[in-house]
Structures are given as structure tokens and as C-alpha cells.
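The residues making up each chain are set out below.
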Amino acid sequence: MTDHRWGVLGTGFIAGMFAQDLSLTDTSRVTAVGSRSPERAQGFASAQGATSAYGSYAELVADQDVDCVYVAVPHSEQ
């Protein structure tokens, strides 16, 4: 099976629910998180088992180890 490495853009409630749901699959995992705050990104990454945390959305999108990005921020933040 192919393992999908997800990046989560945002650290709010819905982002957390998405990350928890991914943990129930055999083919997907959260590997990175991006936030406007490096501290929030690190906290979310630690809680979800992600290996990378970024203090900007652009850094997450540029991560070569991310296959898919879940956008969990309001459209005004993008």
C-alpha cells in the first residue's frame, strides 16, 4: 500500500480532528504542520506525531516530504 504523507495547514479544532482521523487509516499519516506561529505548529506536531513543524504556510507547502496538504484555515488566511 502507498503511504500518503500529509501536511496540515493550520492548527485549529478541525485540523486536529482531521489528523486524528488520519491516524485511523493504514495508508496515511500526518508528517508536517504549518502555522503562522512556530510554537503552535510545534505543539500540534508533537500532539499528532508529525516530524516537521513550520512557522509559515509557505514552508509547509515547500516540504518535499509532503504528498498532500489539508488546508484547515479560513480562505482569508491563505
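Above this note sits the structure.
Residues numbered from 1 in each chain as written. Predicted model: local features only at pLDDT ≥ 70, side-chain atom pairs only at ≥ 80, totals over all residues. Heavy atoms only, no water.

**A short note on the pairing of strand β1 (residues 4-9)**
Alright, step 1. Across 6 bridges, β1 lies against strand β2 (residues 28-34) in parallel orientation. Paired with H4 across the bridge in β2 is S28.
Alright, step 2. The β-α-β motif built from β1, the intervening helix α1 (residues 13-22) and the parallel element β2 has right-handed crossover chirality. (Pairing = 2+ DSSP bridges. Helix = DSSP H or I, 4+ residues; strand = E, 2+ residues; numbered from the N terminus. Right-handed = clockwise from strand over helix to strand, strands pointing away.)

**Some points on the environment of A50**
Alright, step 1. Position of A50 among the secondary structure elements: in the loop between α2 (38-48) and β3 (52-54).
Alright, step 2. Residue class for A50 comes out buried when judged on its relative accessible area of 14%.
Alright, step 3. The sequence separation of A50 and W6 amounts to 44 residues, and the corresponding C-alpha distance is 9.2 Å.
Alright, step 4. Apart from residues no more than four positions distant in its own chain, A50 is found in contact with V30, T31, A32 and A45. (Buried < 20%, exposed > 50% of the residue type's maximum accessible area, 1.4 Å probe, protein only. Contact = heavy atoms within 4.5 Å.)

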